[in-house]
Amino acid sequence: MTAPGQPAKQGPRSLDPHLRRYAARTAGMTASEIRALFAVASRPEVVSLAGGMPHLAALPLESLSAEIGQLVASEGLVALQYGSAHGVPTLREQICDVMALEGINGHPDDVVVTVGSQMGLDMVTRIFCDPGDVVIAEGPSYVGALGSFTAYQAQVVHVAMDADGLVPSLLREALEACKRNGQRVKFLYTIPNFHNPAGVTLAVSRRAEILEICRTYGVLVVEDNPYGLLGFDGQTYPALRSMDPDNVVYLGSFSKTFAAGLRVGWVLAPHAVREKLVLAAESATLCPPTLNQMIVSRYLSTQDWKGQIKTYREAYRERRDAAISALEQHMPQGSTWNIPDGGFYVWVTVPEGIDTKAMLPRAVTARVAYASGTGFYADGFGSRQLRISYCYPTPERIREGVRRLANVMEEEMQLAATFGATPGRQLSGPQTPSPDTA
């Protein structure tokens with residue numbers, strides 16, 4: 001006991017004086033694996049195959065700048081003012097036209113405009129999940145979704161995919177196991193088209209079956225579809241929302257089909273859910289940026305946005321082809337990968353003895369970056385997988401990046417043969433999202 005008048009003894013000093021003040025939910029938050037290396041990975045000499053950044057050079061920037069200037073000049077008093085948490089009415093009507101391309105018959109009143117679809121994910125998780133609730137997600141799954149689920153202390157149960165996407169029989173087994181264990185499953189989170197990170201597409205023949213399974217078990221479906229219009233052959237697939245409007249919450253985004261920096265996405269939800277989402281949006285942001293919404297609306301009304309999507313598809317198809325040909329030419333024996341029909345990503349499985357998380361700093365030293373597979377699982381798996389993003393670099397840079405990556409892998413295999421493989425490390429939880437793992 002400290003004597004009167006004497007200063008209290010101090011315990012070990014923490015680097016963070018607020019450590020004891022944080023909410024318990026922050027314990028599972030971990031930074032993106034690439035983020036710590038991003039200052040190096042973003043240097044011009046490093047080929048980054050890590051981030052899912054759209055190819056903005058394909059946009060008609062001159063005509064866009066003129067339209068934006070005219071928008072501010074003519075409607076600036078509205079565009080620069082506070083708006084509704086629901087979103088600009090004209091844009092909500094246009095969003096319904098966009099979704100109609102995938103068979104969705106949506107009403108503008110049921111659309112809530114968000115600051116990117118990541119905000120939509122956060123709001124959906126916030127209004128549905130209590131601590132300890134279960135979210136079913138594909139394995140692997142989008143890192144940003146896993147970060148949101150962890151932030152609200154939901155448990156993630158992964159269900160495996162094959163070349164045709166989520167496997168219905170395994171989904172049923174997972175739901176049955178949760179039921180036996182007394183776990184409360186709130187929703188299935190799925191990216192049905194050109195999956196991030198796996199690159200696969202849910203077979204049309206499976207879609208109705210998966211919806212029926214979720215209805216049978218009383219589980220909501222959250223459909224995340226930022227890539228659905230980016231099929232390389234121009235094909236679009238029927239949205240899950242179009243097949244079951246009452247039990248599917250649909251997340252959309254203009255980040256991949258227009259411009260990521262505007263941060264405009266949306267949620268289409270059943271009417272009662274819509275009301276809760278608007279309240280959640282008001283508490284989070286008060287209102288999404290009106291100017292950004294009006295820029296997107298002006299773009300949709302004055303530009304050939306369907307032609308622009310076609311231009312994007314052609315650019316990404318060329319880059320996909322460059323990535324696949326480079327993988328075929330350079331990857332060491334024992335490597336496998338998918339051939340995506342759209343979207344941004346190739347999912348690579350590396351030979352035994354390579355830990356993609358442990359290899360990442362050495363890859364960046366060799367001037368190539370990627371996203372290691374462990375970040376896309378909530379349970380520590382994925383150490384033999386990595387995601388290659390072909391959307392942003394030129395085809396020449398993609399080929400060079402894959403060549404550098406293959407050389408690093410060969411060195412890792414030689415080290416494993418000499419000293420033994422490094423055991424895969426388990427993570428404490430998924431990472432928080434960041435632009436480098438989008």
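First, a word on scope: everything that follows refers to the structure included in this document. (Residues numbered from 1 in each chain as written. Predicted model: local features only at pLDDT ≥ 70, side-chain atom pairs only at ≥ 80, totals over all residues. Heavy atoms only, no water.)

Right, let's get into the overall build of the protein chain. Each helix and strand counted, the protein chain has 13 helices and 14 strands in total. Looking at the 438 residues of the protein chain, the share that counts as buried comes to 56%. Carbon and sulfur atoms make up 53% of the accessible area of the protein chain, which amounts to about 19,400 Å² in all. (Helix = DSSP H or I, 4+ residues; strand = E, 2+ residues; numbered from the N terminus. Buried < 20%, exposed > 50% of the residue type's maximum accessible area, 1.4 Å probe, protein only. Areas by Shrake-Rupley, 256 points an atom, 1.4 Å probe, with all protein chains shown as cover.)

Right, let's talk about the sheet that holds strand β7 (residues 220-224) for a bit. A sheet is described by the order of its strands in space; here eight strands give the open sequence β2-β9-β8-β7-β6-β3-β4-β5, paired in mixed fashion. One side of each edge strand has no neighbouring strand; the edge strands of this open sheet are β2 (111-114) and β5 (165-166). Strand direction decides the pairing type here: strand β3 (residues 134-139) and strand β4 (residues 155-162), joined by six bridges, are parallel. Residue A137 lies in a different strand from β4, and its bridge partner there is H158. (Pairing = 2+ DSSP bridges.)

Bringing the sheet that holds strand β14 (residues 385-389) into the picture now. One open sheet accounts for four strands, arranged β10-β11-β14-β13; its pairing is antiparallel. The strands lining the two open edges of the sheet, one partner per strand, are β10 (336-337) and β13 (371-372). As paired strands, strand β11 (residues 345-349) and β14 are joined by five bridges and run antiparallel to one another. When the sheet's bridge partners are listed, V346 is paired in β14 with I388.

This part takes up the environment of Q308. Here Q308 lies in helix α11 (residues 305-330). The class for Q308 is buried, based on a relative accessible area of 8%. Distance in space between the C-alpha atoms of Q308 and P60 is 8.7 Å, their sequence separation being 248 residues. What Q308 contacts, discounting residues up to four positions off in sequence, is A58, L59, P60 and Y299. (Contact = heavy atoms within 4.5 Å.)

Here we come to the packing of helix α4 (residues 116-128) against helix α9 (residues 271-285). Helix-helix packing is described using two parameters, namely the angle between the two axes and the distance between the axes. Relative orientation of the contacting elements α4 and α9 amounts to 115°, with a least axis distance of 10 Å. In terms of axis orientation, α4 runs roughly perpendicular to α9. α9 is crossed by α4, and the crossing has right-handed handedness. Residues M119, M123, V124, R126, I127 and F128 of α4 lie in contact with α9, whose contacting residues are V273, K276, L277, A280, A281, S283, A284 and T285. Each residue belonging to the contact of α4 with α9 can be placed in one class, and the counts come to 10 nonpolar, two polar and two charged. (Axes fitted to C-alpha atoms, helices over the stretch in contact; angles between N-to-C directions. Parallel < 35°, antiparallel > 145°, perpendicular 65-115°, else oblique. Left-handed = near helix turned anticlockwise from the far one by under 90°. Nonpolar A, V, L, I, M, F, W, Y, C, P; charged D, E, K, R; others polar.)

The subject of this paragraph is the pairing of β2. Residue alternation in β2 divides its side chains into two sets, V111 and V113 and V112 and T114, and both sets are buried. In the sheet, β2 pairs with strand β9 (residues 265-268) via four bridges, with the strands oriented antiparallel. Along β9, the bridge assignment pairs V112 with V267.

This part is about the nonpolar core. Judged by nonpolar contacts, the single largest core of 71 residues is most densely connected at L91, M99, F254, F258, I388 and L405. Considering each element in turn, this core owes the most residues, nine residues, to α11. Taken together, domain 1 (25-58 + 307-418) and domain 2 (79-302) each give at least three residues to this core, which thus spans both. Dropping the residues within four chain positions of it, F258 is found in contact with L56, L59, L64, V296, Y299 and Y312. Residues V143, F149, A269 and A371 belong to the second largest nonpolar core, which totals 34 residues. (Core = buried A, V, L, I, M, F, W, Y, C linked by side-chain atoms within 4.5 Å. Domains from an automatic or database assignment.)

G139 connects to P140 through a cis peptide bond whose omega is 5°. With respect to the element layout, P140 can be found in the loop between β3 and α5 (143-151). A cis amide bond links N196 with the next residue in sequence, P197, at an omega value of 15°. In this fold, P197 is placed in the loop between β6 (185-190) and α7 (204-216). Unlike most non-glycine residues, R263 shows phi in positive territory, near 55°. Locating R263 in the fold gives a position in the loop between β8 (248-253) and β9. The exposure class of R263 is partly exposed, given its relative accessible area of 32%.

The tally for this structure, following the rule as stated, stands at 12 aromatic pairs. Among the aromatic residues, ring-to-ring pairing joins Y227, Y312, Y316, F344 and Y345 into one connected group. (Phe/Tyr/Trp six-rings, centres within 6.5 Å; stacked < 30°, edge-to-face > 60°.)

For Q94, the position within the fold is in helix α3 (residues 89-100). Q94 sits in the buried class, given a relative accessible area of 13%. Of the polar contacts made by the side chain of Q94, one reaches the side chain of S297; its length is 2.6 Å. When residues no more than four places from it in sequence are discounted, the contact partners of Q94 are S297, L300 and S301. (Polar contact = N/O pair within 3.5 Å; in protein donor to acceptor, adjacent residues only side chain to side chain.)

Within the secondary structure, R320 sits in helix α11. R320 sits in the buried class, given a relative accessible area of 12%. Within polar-contact distance, the side chain of R320 engages the backbone oxygen of P340 at 2.5 Å.

Let's shift gears to the pattern of salt bridges. Throughout the structure, instances matching the rule amount to 15 salt bridges. In this structure, E67 and R298 form a salt bridge, with 3.1 Å as the shortest nitrogen-oxygen distance. Here the residue E67 occupies a position in helix α2 (residues 61-79), and R298 occupies one in helix α10 (residues 290-302), the gap between them amounting to 231 residues. Neither E67 nor R298 differs from the other in exposure class; each is buried. What you see here is one network of salt bridges that share partners, running through D130, D133, R184 and K186. (Salt bridge = Lys/Arg side-chain N within 4 Å of Asp/Glu carboxyl O.)

The next subject is the pairing of β6. When you tally the buried positions in β6, you get six out of six residues, the bulk of the element. Where β6 and β7 come together, four bridges link them in parallel fashion. Note that in β7 the partner of L188 across the bridge is V221. Between the parallel pair β6 and β7, the chain is carried across by α7, and the sense of this crossover is right-handed. (Right-handed = clockwise from strand over helix to strand, strands pointing away.)

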